[in-house]
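Listed below, chain by chain, are the residues.
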Amino acid sequence: MRYEFRITGRLSRPIAEAFPELEELPTPPQTLLFGPVTDEAHLYGLLLRFQDLGLHVVEMRRLPD
């Protein structure tokens, strides 16, 4: 599965590096992170990482395979 996460604002380099499995695409005033998600546990782990780092997820969607 591949997912796309739309995050409010731009990510600093250390914050972006907290998500090595995702590619980053700045699209001001937001940032897109996208990439493979192996299973539901991985998805929830990503969402917890976003929350722990104080990131606001505006939109999340599964990309077509």
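Residues numbered from 1 in each chain as written. Predicted model: local features only at pLDDT ≥ 70, side-chain atom pairs only at ≥ 80, totals over all residues. Heavy atoms only, no water.

What to know about the packing of aromatic side chains
When we look at a pair of aromatic rings, we describe it by the centre distance and by the angle of the planes.
Okay, so step 1: Applying the stated criterion across every chain yields a total of 3 aromatic pairs.
Okay, so step 2: In textbook terms, an aromatic cluster arises when at least three aromatic residues are bridged by ring pairs, as seen for Tyr3, Phe5, Phe19 and Phe50. (Phe/Tyr/Trp six-rings, centres within 6.5 Å; stacked < 30°, edge-to-face > 60°.)

Some words on unusual backbone geometry
Okay, so step 1: For the bond from Pro28 to Pro29, the omega torsion is 10°, close enough to zero to count as cis.
Okay, so step 2: One can find Pro29 in the loop between β2 (23-27) and β3 (30-36). (Helix = DSSP H or I, 4+ residues; strand = E, 2+ residues; numbered from the N terminus.)

What about the sheet that holds strand β4 (residues 57-63)?
Okay, so step 1: Taken in spatial order, the 4 strands make up an open sheet running β2-β3-β1-β4, and their pairing is antiparallel. Each end of this open sheet is capped by a strand with a single partner; those strands are β2 and β4. On average, each strand axis in the sheet is tilted by 20° relative to the strand beside it, whichever way the strands run.
Okay, so step 2: As paired strands, strand β1 (residues 2-8) and β4 are joined by 6 bridges and run antiparallel to one another. Paired with Phe5 across the strands is Met60, a residue of β4.
Okay, so step 3: Against the sheet, helix α2 (residues 40-52) contacts β1, β3 and β4, and its axis sits at roughly 10° relative to β1. (Pairing = 2+ DSSP bridges. Axes fitted to C-alpha atoms, helices over the stretch in contact; angles between N-to-C directions. Contact = heavy atoms within 4.5 Å.)

Brief notes about the pairing of β1
Okay, so step 1: Sheet topology note: the β1/β3 ladder contains 7 bridges and is antiparallel. Within β3, the position partnered with Phe5 by the bridge is Leu33.

Section: the nonpolar core
Okay, so step 1: Counting 13 residues, the largest nonpolar core has Phe5, Ile7, Phe19, Leu22, Leu33, Leu46 and Phe50 as the members making the most contacts within it.
Okay, so step 2: Counting only elements with at least two residues in this core, the list comes to β1 and α2.
Okay, so step 3: If near-sequence neighbours (up to four positions away) are discounted, Phe50 is found in contact with Phe5, Ile7, Phe19, Leu22, Leu33, Leu55 and Val57. (Core = buried A, V, L, I, M, F, W, Y, C linked by side-chain atoms within 4.5 Å. Buried < 20%, exposed > 50% of the residue type's maximum accessible area, 1.4 Å probe, protein only.)

Details of the pattern of salt bridges
Okay, so step 1: The final tally for this structure, using the stated rule, is 6 salt bridges.
Okay, so step 2: Overlapping salt bridges, with partners in common, bring together Glu4, Arg6, Glu59 and Arg61 in one network. (Salt bridge = Lys/Arg side-chain N within 4 Å of Asp/Glu carboxyl O.)

A word on the environment of Arg6
Okay, so step 1: Mapped onto the elements of the fold, Arg6 is located in strand β1.
Okay, so step 2: Taking the C-alpha atoms as reference, Arg6 lies 5.9 Å from Thr31; in sequence the two are 25 residues apart.
Okay, so step 3: Apart from residues no more than four positions distant in its own chain, Arg6 is found in contact with Thr27, Gln30, Thr31, Leu32, His56, Val57, Val58 and Glu59.
Okay, so step 4: At 3.2 Å, the side chain of Arg6 forms a polar contact with the side chain of Gln30. (Polar contact = N/O pair within 3.5 Å; in protein donor to acceptor, adjacent residues only side chain to side chain.)

All we've got here are geometric facts, nothing functional implied.
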